[in-house]
Structures are given as C-alpha cells and as structure tokens.
Amino acid sequence: MAYSDKVLDHYENPRNVGSFEKGDDEVGTGMVGAPACGDVMKLQIKVGSDGLITDAKFKTYGCGSAIASSSLVTEWVKGKTLDQALEIKNTAIAEELALPPVKIHCSILAEDAIKAAVEDYKKKHA
Ligand code: FES
Ligand code: FES
C-alpha cells in the first residue's frame with residue numbers, strides 16, 4: 001500500500017520519540033493496543049503548573065500509519081489544555097495524514113492513547 005507524503009514524513013522523521021521518567025509527577029502515560037492488529041502505542045504528556053501540556057513523547061510498536069499518527073498528535077497536544085487534548089479526534093488525524101480506510105484504526109489508537117495519558121495524569125492529581 002502506498003503511504004501518503006505526510007505519513008512518510010512522520011514515519012521517516014518521527015517527532016518526539018522517547019519517554020519521560022516514570023516517577024515524574026507531571027507526566028501522564030497512556031498505553032493502548034489495537035485489537036485489529038496487535039500494535040501497541042505508548043504516549044506521554046508532560047503538564048506544566050499552568051495546566052498546559054508542555055511536552056509529549058511516544059513509542060509505538062506498529063505500522064507506519066500508527067507511528068505517523070502518534071508523532072502527529074505529540075505535536076498537536078503541545079500548548080493545549082487537558083480538555084483540549086481530549087477533543088482531538090481520530091478523524092482529524094486520519095484526514096491530516098490522508099489515511100486509507102484500512103488504516104483508520106491506527107489513528108483511533110492515537111486518539112485512545114491521548115485519552116489514556118490524560119486520564120492517567122488526572123488520576124495522579126485527583
Ligand atoms: Fe500492525 Fe501493520 S498490522 S503493523
Ligand atoms: Fe494496526 Fe496500524 S495500528 S495497522
């Protein structure tokens with residue numbers, strides 16, 4: 001299958017690969033798996049004292065579309081509030097990356113990972 005230019009760009013030059021330290025109180029971690037293919041995505045957000053997401057990192061064990069989707073959302077969440085991050089829809093990711101129908105679940109993985117990271121952060125600070 002041919003990947004779009006934007007998928008290739010993120011796949012070849014992924015943004016924000018890596019992870020933050022586990023014990024960091026300002027970090028929320030989301031780990032999700034795709035039932036359709038078994039791919040796994042870990043996405044972390046770092047939140048500043050003003051409640052804005054200052055940084056994000058990801059590690060994705062999966063296909064090019066999943067890597068591109070997670071790379072893209074780490075860029076999108078920076079500077080957002082937690083509530084704004086929760087509004088990121090997989091449809092927007094899929095549209096931005098021009099994902100074909102069989103790769104839509106890869107963008108859903110990224111949306112789920114963001115939600116899980118925000119939930120984790122909120123749980124820590126409840
Ligand atoms: Fe998961 Fe493509 S099916 S890597
Ligand atoms: Fe399953 Fe992309 S995450 S094929």
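Bear in mind that the values here come from a model prediction, so they are computed numbers and not experimental data.

1. A short note on the overall build of the protein chain
Here's step 1: Along the backbone of the protein chain there are five helices and three strands.
Here's step 2: Secondary structure elements of the protein chain, listed N to C terminal, follow the sequence α-β-β-β-α-α-α-α.
Here's step 3: Taking 14 Å as the expected radius of gyration for a compact globule of 126 residues, we find that the protein chain reaches 14 Å, a close match to that expectation.
Here's step 4: The C-alpha extent of the protein chain, read off along each of the three principal axes, is 45 × 25 × 25 Å.
Here's step 5: Scored against the burial criterion, the 126 residues of the protein chain give a buried share of 39%.
Here's step 6: Long-range contacts, defined here as pairs at least 24 residues apart, represent 63% of the contacts in the protein chain between residues at least 6 apart.

2. Some remarks on the pairing of strand β1 (residues 27-33)
Here's step 1: As paired strands, β1 and strand β2 (residues 40-47) are joined by seven bridges and run antiparallel to one another. Note that in β2 the partner of Val27 across the bridge is Lys46.
Here's step 2: In textbook terms, the turn of a hairpin is the stretch between consecutive antiparallel strands, and for β1 and β2 this stretch comprises six residues, one of which, Gly38, has a positive phi near 85°.

3. Remarks on the sheet that holds strand β3 (residues 53-61)
Here's step 1: Spatially, β1-β2-β3 is the arrangement adopted by the three strands of the open sheet, whose pairing is antiparallel. Either end of the sheet is taken by a strand with one partner, and the two such strands are β1 and β3. Taken over all neighbouring pairs, the strand axes of this sheet differ in orientation by 15° on average, direction set aside.
Here's step 2: Relative to β3, β2 is paired through eight bridges, and the arrangement is antiparallel. Counterpart to Lys46 in the pairing with β3 is Asp55.
Here's step 3: Here helix α2 (residues 64-77) sits on the sheet in contact with β2 and β3, set at roughly 175° to β3.

4. Structural notes on the nonpolar core
Here's step 1: By size, the foremost hydrophobic cluster in this structure holds 33 residues, and its most contacted members are Ile45 and Ile114.
Here's step 2: When contributions to this core are tallied by element, the ones reaching two or more residues are β2, β3, α2, α3 (82-86), α4 (90-97) and α5 (104-124).
Here's step 3: For this core, the leading source of residues is α5, giving nine residues.
Here's step 4: Not counting chain neighbours up to four residues away, the residues in contact with Ile45 comprise Val27, Gly28, Ile53, Ala56, Val77, Ala117, Val118 and Tyr121.

5. Some thoughts on the UniProt feature "domain: NIF system FeS cluster assembly NifU N-terminal" (unreviewed entry) in the protein chain
Here's step 1: With numbering matched to this structure, UniProt assigns "domain: NIF system FeS cluster assembly NifU N-terminal" (unreviewed entry) to residues 2-125.
Here's step 2: Regarding residues 2-125, the helix share stands at 45% and the strand share at 19%, and the terminal C-alpha atoms are separated by 43 Å.

6. Notes on the packing of α2 against α4
Here's step 1: Contact geometry of α2 with α4 gives a least axis separation of 10 Å together with a crossing angle of 110°. Comparing their axes, α4 and α2 come out roughly perpendicular. As for the relative orientation of α2 and α4, their crossing is right-handed in sense. Every residue of α4 that contacts α2 at Ser65, Ala68, Ser69, Leu72 and Val73 is listed here: Ile93, Glu96 and Leu97.
Here's step 2: Classifying every residue of the contact of α2 with α4 gives five nonpolar, two polar and one charged.

Definitions and cut-offs
Residues numbered from 1 in each chain as written. Chains lettered and ligands numbered in written order. Predicted model: local features only at pLDDT ≥ 70, side-chain atom pairs only at ≥ 80, totals over all residues. Helix = DSSP H or I, 4+ residues; strand = E, 2+ residues; numbered from the N terminus. Rg over C-alpha atoms; globule rule 2.2 N^0.38 Å. Buried ≥ 20, exposed ≤ 12 C-beta atoms within 10 Å, placed from the backbone. Contact = placed C-beta atoms within 7 Å. Pairing = 2+ DSSP bridges. Axes fitted to C-alpha atoms, helices over the stretch in contact; angles between N-to-C directions. Core = buried A, V, L, I, M, F, W, Y, C linked by C-beta atoms within 7 Å. UniProt positions renumbered as here; feature names shortened; annotations may be inferred. Parallel < 35°, antiparallel > 145°, perpendicular 65-115°, else oblique. Left-handed = near helix turned anticlockwise from the far one by under 90°. Nonpolar A, V, L, I, M, F, W, Y, C, P; charged D, E, K, R; others polar.

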